[in-house]
Amino acid sequence: MQLSLGLDIGSTTVKAVVLDGARTVFSRYRRHNADARGALRTLLTEIEERFPDAAMACAVTGSDGLGVADLMRIAFVQEVIAGTEAVERFVPDADVVIELGGEDAKITYLRPAVEQRMNGTCAGGTGAFIDQMASLMQITPLELNDLAAQAQTIPPIASRCGVFAKSDIQPLINEGAAREDLAASIFQAVVNQTISGLACGKPIRGPVAFLGGPLHFLSALRQGFLPSLLPL
């Protein structure tokens, strides 16, 4: 049996998918808790047990994937190229891609020519920021999402840095602000950081594709972006 194995090793998660032609026969998405190689080893063991002796064509992508690709002597595909080609193939009508990862954020304009913008070294406005704020509130990111969906108002906080954001949100917690409103303000801070820090005034219009774990799992975060998007 000839299968295809794709690995995505990011700053906070490892992902794997096994394809039999165009059919997905195995997929996993897991946090690696700063032990990417250990998590990958466990994942590959699971794949070996699921498909013993199967031959697989393999490729790796992700911000932490290059070293693994070299170690395993398999192909590496840069993550922006992989993401852009995937969107062009599976979401051909998309004009803009907004992607939030564990420690990076990107906006890719696909038309009239591909233009990609990415955050710098700070993880403000990314999945790591959401994790940090959820931890401050002593809940999980998914619980944060559930709370945000019930918000009545959105107090402004910073997202350019976890330290600044904490200095904004801690007094709100101490003053007894509604947890639902605090959760919504955290997501809104991510939206503001992405739009102001990456788009920098360039309109985001037309069909938009959302990529990355935070935007996949956190529906309230996706909703937060909608007022900032312009119609065709």
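Quick summary incoming for the structure in this document. Treat the numbers as computed from the prediction; the structure is a model and nothing was measured.

Counting 36 residues, the largest nonpolar core has Leu-144, Ile-186, Phe-187 and Leu-221 as its most contacted members. Of all the secondary-structure elements, those providing two or more residues to this core are strand S6 (96-100), strand S7 (105-109), helix H4 (127-136), helix H5 (141-148), helix H6 (162-174), helix H7 (179-199) and helix H9 (219-225). Top contributing element to this core by residue count: H7, with 10 residues. Leu-5, Val-14, Val-60 and Val-68 belong to the second-largest nonpolar core, a separate cluster that totals 18 residues.

One key point about sheets: their strands pair by backbone hydrogen bonds, in either a parallel or an antiparallel sense. Spatially, five strands are ordered S3-S2-S1-S4-S5 in an open sheet, and the strand pairing comes out mixed. Looking at the sheet topology across the chains shown, the edges are occupied by strand S3 (23-31) and strand S5 (75-76).

Here we take up the packing of aromatic side chains. All told, the structure shown has three aromatic pairs when counted by the stated rule. Relative to Phe-217, the ring of Tyr-29 has its centre 5.1 Å away and its plane inclined at 65 degrees; by these criteria the two rings are edge-to-face. Placement of the pair is Tyr-29 in strand S3 and Phe-217 in helix H8 (residues 213-217), with a sequence separation of 188 residues. Aromatic side chains Phe-210 and Phe-225 sit 5.7 Å apart centroid to centroid with 50 degrees between the ring planes, which places their arrangement in the tilted category. Of this pair, Phe-210 sits in strand S9 (residues 208-211) while Phe-225 sits in helix H9; the two residues are 15 residues apart in sequence, bridging distant segments of the chain. For Phe-210, a relative accessible area of 24% corresponds to the partly exposed category. Lying over the aromatic face of Tyr-109, Lys-202 brings its terminal NZ or CZ to 4.3 Å of the ring centre.

The next subject is the pairing of S6. Regular strands have side chains that alternate between both faces of the sheet. Extensive coverage of S6 is indicated by the burial of five of its five residues. A two-sided burial pattern is seen for S6, the buried positions comprising Val-96, Ile-98 and Leu-100 on one face and Val-97 and Glu-99 on the other. Note that S6 and S7 share five bridges and pair antiparallel. Looking across to S7, one finds that Val-96 is bridged to Tyr-109. A loop of four residues connects S6 with S7, the two strands running antiparallel in sequence. Relative to S9, S6 runs parallel, the two being bridged by four bridges. Pairing of Glu-99 across the sheet is with Leu-211, part of S9.

Here is what the cut-offs are and how they apply
Residues numbered from 1 in each chain as written. Predicted model: local features only at pLDDT ≥ 70, side-chain atom pairs only at ≥ 80, totals over all residues. Heavy atoms only, no water. Core = buried A, V, L, I, M, F, W, Y, C linked by side-chain atoms within 4.5 Å. Buried < 20%, exposed > 50% of the residue type's maximum accessible area, 1.4 Å probe, protein only. Helix = DSSP H or I, 4+ residues; strand = E, 2+ residues; numbered from the N terminus. Pairing = 2+ DSSP bridges. Phe/Tyr/Trp six-rings, centres within 6.5 Å; stacked < 30°, edge-to-face > 60°. Lys NZ or Arg CZ within 6 Å of the ring centre and 35° of its normal.

Function cannot be read off these values alone, since they describe shape.
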